[in-house]
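# A closer look at the structure
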Amino acid sequence: MTEQRRDDRATDASVDAAWRRAAGEQPPAEVDAAILAAARAAVRRDAQERRPAPPPRRWASWQPLAAAAGVIGLSFLLVQMLPRDHLARPPANQDASRAPAAESAPAITPPAAPPEAAVTDEAAIMSGEREATAGAAPRTALEAAAKQSVAARPESPAAWASRIAALHDAGDLAAAAAELRAFRAAYPDADDYLPEAVRGWAASVGHDGTP
Amino acid sequence: MTYIAVSAGRADTARRMTPADTGSAGESDESLMLAYARGDATAFERLYARHKGPTYRYFLRHTSDRGAADELHQDVWLKVVAARERYVAEARFTTWLYTLARHRLVDHWRARRGSRFTSLDDDGDAERPADGDAPANHADPLGLVIDAQAGHRLQRALTEVPAAQRDAFLLHVEAGLSLGEIAALAGVPAETIKSRLRYAYRRLRAALEDLQ
């Protein structure tokens, strides 16, 4: 009965114990070494793959800002190096629009005052330059020139010279002389724009307001 | 050194306890495998030291061929290394390890078409004689002789046990798997495994009868 019950059991501790006492084989050392070497190599490979990319250099984050600052500085320098003439001259389209008007208008017509909105930074620059270049011109002439320059702006030197010549030809010598003084105050080389026919008269017009 | 814990009257709870299970090593197989997956090579060394004997003997007892056992043992552990990042500790590490081992063994038999073994599910197969390995060391000379004789007889008897029964026995006694775990691994009902174990133990017990 006891033997029958023992046979019915799925396992037997005495057999297990005998088995373990008898079975002690281990894998050969070279097999152990190969397996452990493969395991270590796999870990090293993983470590290399997981290694993070080197951190960016400290100055690298400033590169975009430095580049932007460089571009801005270079642009500023280029603007500063541009010739000032083109700033002093009115835009070509305005010249073109004014020239026919000056030709068609009567010679005695004073220059039309531009609307207030037309007074721009460019005009301020022009008036500043004119003051600076006026040199030894009398204060009254300078003030008149300044007023005239603002009023006459943006008349070109050629148109201005033509108008003076027209006043001279019409016999209004006083008005022509006043215009000439204002013209000279605005343009140091004003006489060069005058037609040959009036240069003799212009030479008789003094810079101090006396004919 | 491993320990067997067998609960009285319930064979399906029988389980080999590793030092980790008893707490003496402080780390479970699963935590060691996960540590290895994170790059701790020493964790693998401890895990391998813990399981290399049982896996090697599993193959040796099935093949009775040291060369084949060397090759299969190495292949399985290299698969463990290769699968380290895919390992998920959902089941016992041992179950996962012997699933790999069992598949590798079946592949081995399939590759050797001249072999009589093509399946671990065939309860009627028998194997060629064992080559008789050396028994474990023993302090008592008389005990050494008895153990050596017992070892030879058990190994010889095991070769005469059908492959499926032998597999169930080795998974139980070497891998320390429970009846339920062996059944899940083999894909058969627990009652089938219980029956296979019962037949295997009966044959092995008969081989030891005149020594007791």
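Thresholds applied
- Residues numbered from 1 in each chain as written.
- Chains lettered and ligands numbered in written order.
- Predicted model: local features only at pLDDT ≥ 70, side-chain atom pairs only at ≥ 80, totals over all residues.
- Heavy atoms only, no water.
- Helix = DSSP H or I, 4+ residues; strand = E, 2+ residues; numbered from the N terminus.
- Buried < 20%, exposed > 50% of the residue type's maximum accessible area, 1.4 Å probe, protein only.
- Contact = heavy atoms within 4.5 Å.
- Areas by Shrake-Rupley, 256 points an atom, 1.4 Å probe, with all protein chains shown as cover.
- Phe/Tyr/Trp six-rings, centres within 6.5 Å; stacked < 30°, edge-to-face > 60°.
- Axes fitted to C-alpha atoms, helices over the stretch in contact; angles between N-to-C directions.
- Parallel < 35°, antiparallel > 145°, perpendicular 65-115°, else oblique.
- Left-handed = near helix turned anticlockwise from the far one by under 90°.
- Nonpolar A, V, L, I, M, F, W, Y, C, P; charged D, E, K, R; others polar.
- Expected span 1.5 Å × (residues − 1).
- Polar contact = N/O pair within 3.5 Å; in protein donor to acceptor, adjacent residues only side chain to side chain.
- Buried area = accessible area lost by both parts, 1.4 Å probe.
- Salt bridge = Lys/Arg side-chain N within 4 Å of Asp/Glu carboxyl O.
- pLDDT = per-residue confidence, 0-100.

## Points about the overall build of chain B
Within chain B one finds nine helices and two strands. Listing the helices and strands of chain B from first to last along the sequence gives β-β-α-α-α-α-α-α-α-α-α. A total of 212 residues make up chain B; the buried ones form 50% of that total. Within chain B, contacts between residues separated by at least 24 positions form 63% of all contacts whose residues are at least 6 apart in sequence. Total accessible area on chain B is roughly 9,400 Å²; 51% of this is exposed by carbon and sulfur atoms.

## Here we look at the overall build of chain A
What chain A contains, in helices and strands, is 12 helices and zero strands. Helices (α) and strands (β) of chain A occur, in sequence order from the N terminus, as α-α-α-α-α-α-α-α-α-α-α-α. When each of the 211 residues of chain A is scored for burial, the buried share is 28%. Of the contacts formed within chain A by residues at least 6 apart in sequence, a portion of 63% connects residues at least 24 apart.

## What about the packing of aromatic side chains?
Given two aromatic rings, their pairing is described by the distance between the two centres and the angle made by the two planes. Overall, the coordinates contain 17 aromatic pairs over all chains when judged by the stated rule. Between the aromatic rings of A:Trp19 and B:Phe169, the centroid separation amounts to 5.2 Å while the plane-to-plane angle is 90°, which identifies the pairing as edge-to-face. Placement of the pair is A:Trp19 in helix α2 (residues 13-22) and B:Phe169 in helix α7 (residues 163-173), with the two residues belonging to separate chains. On the basis of relative accessible area, B:Phe169 is assigned to the buried category, the value being 0%. With a centroid separation of 5.5 Å and 85° between ring planes, the pair formed by B:Tyr58 and B:Tyr98 is classed as edge-to-face. Placement of B:Tyr58 in helix α3 (residues 41-63) and of B:Tyr98 in helix α5 (residues 93-111) is noted, with a sequence separation of 40 residues between them. An aromatic cluster is built from B:Tyr36, B:Phe44, B:Tyr48, B:Trp77, B:Tyr87, B:Phe93 and B:Trp96, whose rings are joined through pairwise contacts.

## Observations concerning the packing of α3(B) against α5(B)
Residues and elements named next belong to chain B. At a minimum axis separation of 11 Å, α3 and α5 run at an interaxial angle of 30°. With respect to α5, the element α3 is oriented roughly parallel. When you trace α3 past α5, the crossing you get is right-handed. In this structure, α3 contributes Leu 47, His 51, Pro 54, Thr 55, Tyr 58, Phe 59, His 62 and Thr 63 to the contact, and α5 contributes Phe 93, Thr 94, Leu 97, Tyr 98, Ala 101, Arg 102, Leu 105, His 108 and Trp 109. When its residues are assigned to classes, the contact of α3 with α5 shows 10 nonpolar, six polar and one charged.

## As for helix α4 (residues 66-82) of chain B
Taking 1.5 Å per residue as the helical rise, α4(B) with its 17 residues ought to reach 24 Å, and the 24 Å between its terminal C-alpha atoms agrees with that figure. Within α4(B) the residues assigned to the buried category are B:Ala68, B:Ala69, B:Asp70, B:Leu72, B:His73, B:Val76, B:Trp77, B:Val80 and B:Val81. In this fold, the buried residues of α4(B) make contact with α3 (29-50) of chain A together with α2 (29-37), α3 and α5 of chain B. Its side-chain oxygen 2.9 Å from the backbone nitrogen of B:Gly67, B:Asp65 forms the N-cap of α4(B).

## Digging into the interface of chain A and chain B
If you look at the interface, chain A gives 34 residues, while chain B gives 51 residues. The contact between chain A and chain B buries some 3,700 Å² in all, and 59% of this surface belongs to carbon and sulfur atoms. Contact with chain B buries area across many residues of chain A, yet A:Trp19, A:Glu25 and A:Ile35 alone supply 21% of it, more than any other trio. In this assembly, chain A and chain B are joined by five salt bridges. Contributions of two or more residues to the side of chain A that touches chain B are made by α1 (2-8), α2 and α3 of chain A. At 13 residues, α3(A) tops the list of elements feeding residues into the side of chain A that touches chain B. For the side of chain A that touches chain B, a count of residues per class yields 16 nonpolar, four polar and 14 charged.

## Some remarks on the environment of B:Ala207
Residues and elements named next belong to chain B. As for its placement among the helices and strands, Ala 207 is situated in helix α9 (residues 190-207). Overall, the relative accessible area of 18% leaves Ala 207 in the buried class. Separated by 55 residues in sequence, Ala 207 and His 152 place their C-alpha atoms 9.6 Å apart. Setting aside residues no more than four positions away along its own chain, Ala 207 makes contact with Arg 153 and Ala 157.

## Section: the confidence of the model for chain A
Residue and element names in this part refer to chain A. Within chain A, residue pLDDT values average 71, and 56% of them lie at 70 or more. Taking the mean pLDDT of every element in chain A, the minimum, 44, falls on helix α7 (residues 121-133) and the maximum, 91, on α3. The low-confidence segment residues 99-138 (pLDDT under 50) makes 38 contacts with residues lying over four places distant or belonging to another chain.

## A few points about the confidence of the model for chain B
Residues and elements named next belong to chain B. Per-residue pLDDT for chain B has a mean of 77; in total, 70% of the residues score no lower than 70. Averaged over each element, pLDDT in chain B is lowest for strand β1 (residues 3-5) (33) and highest for α4 (95). Long-range and interchain partners of residues 1-24, a stretch whose pLDDT sits below 50, account for 42 contacts in this model, where long-range means more than four residues apart. Per-residue pLDDT stays below 50 along residues 125-138; that stretch engages in 55 contacts with residues further than four places along the chain or on separate chains. Predicted complex, confidence summary: ipTM 0.75, pTM 0.52.

## So, the pattern of salt bridges
Counted according to the given criterion, the structure contains 15 salt bridges over all chains. Notably, a salt bridge pairs B:Arg84 with A:Asp46, separated by 2.8 Å at the nearest N-O pair. On the criterion of chain membership, the pair formed by B:Arg84 in the loop between α4 and α5 and A:Asp46 in helix α3 is interchain, its members lying in two chains. A single burial state applies to B:Arg84 and to A:Asp46, both of which are buried. The shortest N-O distance in the salt bridge between A:Glu179 and A:Arg163 comes to 2.7 Å. On the criterion of sequence distance, the pair formed by A:Glu179 in helix α10 (residues 173-186) and A:Arg163 in helix α9 (residues 157-170) is long-range, its members being 16 residues apart. With respect to burial, A:Glu179 and A:Arg163 carry one shared label: buried. The network of salt bridges with shared partners includes B:Glu71, B:Asp75 and B:Arg104.

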